[in-house]
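# Reading the structure
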Amino acid sequence: MNKEILPLLTTDIPQLTLCNRGKVRDIYAVNDTLLIVTTDRISAFDVVLPSGIPYKGEVLTKLSEFWFTYTSDIVENHLITTRIEKMNNAIIAGHKDVLHGRSMLVKKVKVIPVECVIRGYLAGSGWKEYQQTQSICGIKLPAGLRESDKLPEPIFTPATKATTGHDENISFSKVVGSVGKKLAEELKEKSMKVYLRASEYARERGIIICDTKFEWGITTDNKVILIDEALTPDSSRFWPSEGYEPGKPQHSYDKQFIRDYLESIHWDKKPPAPTLPADIIRKTSEKYLNAYKALTGKSLI
Ligand SMILES: Nc1ncnc2c1ncn2[C@@H]1O[C@H](COP(=O)(O)OP(=O)(O)OP(=O)(O)O)[C@@H](O)[C@H]1O
Ligand SMILES: [Mg+2]
């Protein structure tokens, strides 16, 4: 890296209404739109760490923007702009130094309460469920698959959007029960289309998109559009194709150094989390920047 910058851990814009402070993002209401600000916070084992990762917020924002643009011909999305000067808002402009590069102004919609996960490979909770039932979310899979194996074809494995605690995998019929058959089919079809388009693109650039989570919302004129973040290391598992070897967990593009470090010091995974050493922070920041470069072909810094 050619310059050292301080990570941004939190934002404070008292003139705007804060709607939500998630693990990573601070979301403000701006008339009938939302300002999604991605900080440099990072979580591991579901706990936000006291240390931030320089450039992470910018990488997540610019990757989401990249994918929204790349898929805009097949699905509509909520992005209005990431450019502060195009947001036409004096309050936002007044906080430009903090918000620049890490903010998205988006259409505010009615969120559909389903985490639309597509899995192309066997990992995480999917791998756990497979070992117990040979299926994921009620979808029967062939016997004998190994951890990280490629699935015969990508599958839609929805989960509840839990407001507290962990999301829970659910069957397609549960989605039908919650949002109706027509919308459930639409969520599945649209999520699959975006995953296929993105994973094909990523594969040509040496990245496997093991799985990813989409969120969808309904506009006032009843259109289903892609919302939230899209195809970032926080919402997906990215694996470098080089060194991909099924039968064990793969090295992910992002948090591996952090998880390994936290395991090595035997942290009990309960808050408060320990601060990270400078070299772990630096290496993690580089991982995010590398993922951005590999996928977009451009350097962020
Ligand atoms: N265009 C949109 N309109 C309305 N709500 C949106 C839109 N895009 C995203 N959201 C919602 O905003 C929230 C984003 O919150 P965020 O992801 O920062 O935190 P979280 O989901 O509460 O927690 P976590 O940090 O675990 O992800 C989600 O509930 C998401 O559904
Ligand atoms: Mg979220």
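A quick note: this is a predicted structure, and the numbers were derived from the prediction, not measured.

## Focus: the overall build of the protein chain
The helix and strand tally for the protein chain stands at eight helices and 16 strands. Its C-alpha radius of gyration of 19 Å places the protein chain within 12% of the 19 Å reference for a compact globule of 301 residues. Here the C-alpha coordinates of the protein chain stretch approximately 55 × 50 × 40 Å along the principal axes. Across the 301 residues in the protein chain, those meeting the buried criterion constitute 38%. Once local pairs closer than 6 in sequence are excluded, the contacts in the protein chain between residues at least 24 apart make up 66%.

## Overview of the packing of helix α1 (residues 56–70) against helix α8 (residues 278–296)
Relative orientation of the contacting elements α1 and α8 amounts to 20 degrees, with a least axis distance of 9 Å. With respect to α8, the axis of α1 lies roughly parallel. α1 and α8 meet at a crossing whose hand is left-handed. For the pair α1 and α8, the contacting residues are Lys 56, Val 59, Lys 62, Leu 63 and Phe 66 in the first and Ser 285, Tyr 288, Leu 289, Ala 291, Tyr 292, Leu 295 and Thr 296 in the second. Its residues assigned to classes, the contact of α1 with α8 shows eight nonpolar, two polar and two charged.

## Some thoughts on the domain arrangement of the protein chain
If you check the domain split of the protein chain, you get domain 1 (1–108) and domain 2 (111–240). The centre of domain 1, based on its C-alpha atoms, is set 23 Å off from the matching centre of domain 2. Across the contact, 15 residues belong to domain 1 and 17 residues belong to domain 2. Of all the secondary structure elements, the ones that give two or more residues to the side of domain 1 that touches domain 2 are α1 and β7 (103–107). Examining the composition of the side of domain 1 that touches domain 2, we find that six residues originate from one element, α1, more than from any other.

## Here we look at the site of ligand 1
Around ligand 1, the surrounding shell holds 17 residues, and the nearest of these are Gly 22, Lys 23, Arg 25, His 78 and Ile 227. Put simply, the parts of the chain that give the shell around ligand 1 at least two residues each are β2 (25–30), β7 and β14 (207–218). A per-class count over the shell around ligand 1 returns seven nonpolar, four polar and six charged. Two domains each donate at least three residues to the shell around ligand 1, and these are domain 1 (1–108) and domain 2 (111–240).

## With respect to the sheet that holds strand β3 (residues 33–38)
Pairing within the open sheet is antiparallel, and its five strands lie in the order β1-β2-β3-β7-β6. Edge strands, defined here as strands with exactly one partner in the open sheet, are β1 (17–21) and β6 (79–81). Between one strand and the next, the sheet's axes are offset by a mean angle of 35 degrees, whatever the strand orientation. Pairing between β2 and β3: six bridges, direction antiparallel. Bridge pairing links Asp 26 to Val 37 in β3.

## So, the pairing of β14
For β14, the tally of buried residues reaches ten of twelve residues, placing the bulk of the element in the interior. Bridge count between strand β8 (residues 110–111) and β14: two bridges; the pairing is antiparallel. In the strand pairing of β14, Lys 110 is matched with Ile 218. Taking the residues that link successive antiparallel strands as the turn, the β14-strand β15 (residues 224–227) hairpin has five residues, and the phi of Asn 222 there is positive, at about 65 degrees.

## Structural notes on α8
Side chains three or four residues apart in an α-helix point the same way, a direct result of the helix having 3.6 residues per turn. If you check α8, its first and last C-alpha atoms are 27 Å apart, about what 19 residues at 1.5 Å a residue would give, namely 27 Å. Close packing links the buried residues of α8 with α1, α6 (181–204), β14, β16 (236–240) and α7 (256–264). Within two residues after α8, Gly 297 carries a phi angle of roughly 80 degrees, on the positive side.

## Thoughts on the environment of Gln 15
You can see Gln 15 is positioned in the segment before β1. Considering only alpha carbons, one finds Gln 15 and Ile 92, 77 residues apart in sequence, at a separation of 9.3 Å.

## A few points about unusual backbone geometry
For the bond running from Pro 271 to Pro 272, omega is 0 degrees, close enough to zero to count as cis. By the secondary structure assignment, Pro 272 is in the loop between α7 and α8. One non-glycine residue with positive phi stands out, namely Asp 46, at about 70 degrees. Relative to the helices and strands, Asp 46 is located in the loop between β4 (43–44) and β5 (47–48). Not every positive phi belongs to a glycine, and Asp 228 is a case in point at roughly 65 degrees. Relative to the assigned elements, Asp 228 resides in the loop between β15 and β16.

Cut-off values and rules
Residues numbered from 1 in each chain as written. Chains lettered and ligands numbered in written order. Predicted model: local features only at pLDDT ≥ 70, side-chain atom pairs only at ≥ 80, totals over all residues. Helix = DSSP H or I, 4+ residues; strand = E, 2+ residues; numbered from the N terminus. Rg over C-alpha atoms; globule rule 2.2 N^0.38 Å. Buried ≥ 20, exposed ≤ 12 C-beta atoms within 10 Å, placed from the backbone. Contact = placed C-beta atoms within 7 Å. Axes fitted to C-alpha atoms, helices over the stretch in contact; angles between N-to-C directions. Parallel < 35°, antiparallel > 145°, perpendicular 65-115°, else oblique. Left-handed = near helix turned anticlockwise from the far one by under 90°. Nonpolar A, V, L, I, M, F, W, Y, C, P; charged D, E, K, R; others polar. Domains from an automatic or database assignment. Near = placed C-beta within 6 Å. Pairing = 2+ DSSP bridges. Expected span 1.5 Å × (residues − 1).

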